[in-house]
Amino acid sequence: MQVTSGHERNADQIAYWNGPGGQRWSDREAAQEILLAPVSQILIERIQARPGDRILDVGCGCGGLALALAKQVAPGGFVLGVDISVPMLARAQAAATAELPVQFELADATVHPFEPASFDLLVSRFGVMFFAEPVVSFSNLRRALKPSGRVVFACWREPKQNPWMMAPLQAVYRHVPKMPEVGPEEPGPFAFASEERVRRILSEAGFADIAMEACALSLDVAIGKGLDAAVDSALGIGPASRALQGHPEELREAARQSIREMLAPHLHGDSVILPGSIWLVTARA
């Protein structure tokens with residue numbers, strides 16, 4: 001696969017997800033699937049895929065959700081997973097088997113020429129918050145849906161509702177300067193935290209019957225492997241990892257110890273449980 005071209009304002013995201021950042025997420029694919037299993041379960045229950053359904057998974061990453069849905073839409077159905085990340089799609093394609101009705105494609109969903117009115121469902125697990133022009137993106141995606149088509153996706157609520165990501169970052173900030181603040185409408189993990197903004201985007205893109213449900217989560221950041229694994233996870237990907245990039249090893253080691261001290265009270269057996277929260281968003285074409 002070649003690195004995809006796409007909407008010019010998505011160039012930074014395309015570069016990131018095809019660089020070291022995307023490779024780190026790809027390398028941690030197995031751990032992330034375990035960590036985010038509660039989110040996948042919520043989505044799958046709400047999607048209610050049936051045999052024969054045609055599903056478009058946007059920002060499919062390493063393919064976990066698309067592969068699970070492909071099992072449900074057979075026989076007669078089909079799942080297309082699209083993403084801008086070559087390393088993540090390589091993982092997805094490697095996990096796909098010949099008997100599953102699933103295909104993965106390198107594409108920027110903002111501009112990709114999907115076949116009009118060809119999908120019953122548009123789904124995503126944290127893949128739609130990175131569009132620079134989300135109204136343009138969702139307008140293009142809506143054209144790919146049948147008139148009866150449905151939307152079901154998960155996005156993160158505001159940072160204060162997600163200590164599993166933000167608590168390690170605050171521990172790191174005891175040792176390094178704070179990263180520049182990301183604007184509330186700039187692409188990123190919390191770009192869809194505002195209920196008002198999400199409703200506005202989907203409405204302007206032509207969707208109707210928009211509903212948003214706040215879902216509280218308990219996430220095991222250690223994925224059952226103990227405190228050291230939880231610390232490694234915080235340092236491997238996510239905001240704490242980004243804040244430490246480019247800093248010397250002695251600072252990284254001091255930050256590691258602070259993260260460990262912060263996480264220790266949350267250790268229960270081999271799990272380290274921290275709260276999180278998502279919006280479960282549904283709409284109709």
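Residues numbered from 1 in each chain as written. Predicted model: local features only at pLDDT ≥ 70, side-chain atom pairs only at ≥ 80, totals over all residues. Heavy atoms only, no water.

(A) Structural view of the overall build of the chain. Looking only at helices and strands, one finds 12 helices and eight strands in the chain. Scaling as 2.2 N^0.38, a compact globule of 285 residues should have a C-alpha radius of gyration of about 19 Å, and the chain matches this with 19 Å. Viewed in the frame of its principal axes, the chain has a C-alpha envelope of about 55 × 40 × 35 Å. Per-residue burial over the chain gives 54% buried out of 285 residues. When contacts within the chain are restricted to residue pairs at least 6 apart in sequence, long-range pairs at least 24 apart make up 79% of them. When the accessible surface of the chain is summed, it comes to about 12,700 Å², and 52% of that surface belongs to carbon and sulfur atoms. Positive and negative side-chain charges in the chain, numbering 26 and 32 respectively, have mean positions lying 3 Å apart. (Helix = DSSP H or I, 4+ residues; strand = E, 2+ residues; numbered from the N terminus. Rg over C-alpha atoms; globule rule 2.2 N^0.38 Å. Buried < 20%, exposed > 50% of the residue type's maximum accessible area, 1.4 Å probe, protein only. Contact = heavy atoms within 4.5 Å. Areas by Shrake-Rupley, 256 points an atom, 1.4 Å probe, with all protein chains shown as cover. Lys, Arg positive; Asp, Glu negative; His and termini not counted. Charge placed at Lys NZ, Arg CZ, Asp CG, Glu CD.)

(B) Region of the structure containing the environment of Leu43. With respect to the helices and strands, Leu43 occurs in helix H4 (residues 37–47). Assessed through its relative accessible area of 0%, Leu43 is described here as buried. Along the chain, Leu43 and Val123 lie 80 residues apart, while their C-alpha atoms are 8.5 Å from each other. Once residues lying within four places of it in the same chain are set aside, the contact partners of Leu43 are Leu65, Ser124, Arg125, Val152, Phe153, Ala154 and Leu280.

(C) Focus on the environment of Leu267. Tracing the backbone shows Leu267 in strand E7 (residues 267–268). With relative accessibility at 34%, the residue Leu267 sits in the partly exposed group. Taking the C-alpha atoms as reference points, Leu267 and Ala211, separated by 56 residues in sequence, lie 35 Å from one another.

(D) The nonpolar core, seen in detail. The biggest cluster of nonpolar side chains holds 102 residues, and the ones touching the most others in it are Leu56, Phe138, Phe153, Trp156 and Phe192. Once residues within four sequence positions are removed from consideration, Leu56 is found in contact with Leu80, Val82, Phe114, Phe119, Leu121, Leu122, Val123, Leu141 and Ala144. (Core = buried A, V, L, I, M, F, W, Y, C linked by side-chain atoms within 4.5 Å.)

(E) Examining the packing of helix H2 (residues 20–27) against helix H6 (residues 86–95) more closely. At a closest axis distance of 7 Å, the pairing of H2 and H6 adopts a crossing angle of 25 degrees. The pairing of H2 with H6 is recorded here as roughly parallel in orientation. Contact residues: Gly22, Gln23, Trp25, Ser26 and Asp27 in H2; Pro87, Met88 and Arg91 in H6. Grouping the constituent residues of the contact of H2 with H6 by class yields three nonpolar, three polar and two charged. (Axes fitted to C-alpha atoms, helices over the stretch in contact; angles between N-to-C directions. Parallel < 35°, antiparallel > 145°, perpendicular 65-115°, else oblique. Nonpolar A, V, L, I, M, F, W, Y, C, P; charged D, E, K, R; others polar.)

(F) Highlighting the pairing of strand E5 (residues 145–156). Sheet topology note: the strand E4 (residues 119–125)/E5 ladder contains six bridges and is parallel. Considered in E5, the bridge of Val123 is made with Val152. Pairing geometry for E5 and strand E8 (residues 271–284), over seven bridges, is antiparallel. From the neighbouring strand, Phe153 faces E8, where its bridge partner is Val281. (Pairing = 2+ DSSP bridges.)

(G) Representation of the pairing of strand E2 (residues 78–83) in the model. With six of six residues buried, E2 is to be regarded as a mostly interior element. Neither face of E2 is left uncovered, since the one carrying Phe78, Leu80 and Val82 and the one carrying Val79, Gly81 and Asp83 both have all their residues buried. Taken together, the five bridges between strand E1 (residues 54–58) and E2 define a ladder with parallel strand orientation. Residue pairing across strands places Arg54 opposite Phe78, the latter belonging to E2. Across five bridges, the pairing between E2 and strand E3 (residues 102–106) is parallel. Among the inter-strand pairings, Leu80 is bridged to a residue of E3, identified as Gln103. Once the chain exits E2 it traverses H6 before rejoining the sheet at E3, and the crossover so formed is right-handed. (Right-handed = clockwise from strand over helix to strand, strands pointing away.)

(H) Local environment of the packing of aromatic side chains. Taken as a whole, this structure holds 10 aromatic pairs when the rule is applied. Between Trp17 and Trp25, the ring centres sit 6.0 Å apart and the planes meet at 55 degrees, which makes this aromatic pair tilted. Their ring planes at 85 degrees and their centres at 6.3 Å tell us that Phe138 and Phe207 sit as a pair that is edge-to-face. Here the residue Phe138 occupies a position in helix H7 (residues 134–144), and Phe207 occupies one in the loop between helix H9 (195–204) and strand E6 (208–220), the gap between them amounting to 69 residues. Classification of Phe138 by relative accessible area gives buried; the value is 0%. Taking relative accessible area as the criterion, Phe207 reaches 5% and is therefore assigned buried. (Phe/Tyr/Trp six-rings, centres within 6.5 Å; stacked < 30°, edge-to-face > 60°.)

(I) Up close: helix H5 (residues 64–73). Turning to H5, its buried residues are Leu65, Ala66, Leu67, Leu69, Ala70 and Val73. Residues of H5 that are buried in the fold lie against H4, E1, E2, H6, E3 and E4.

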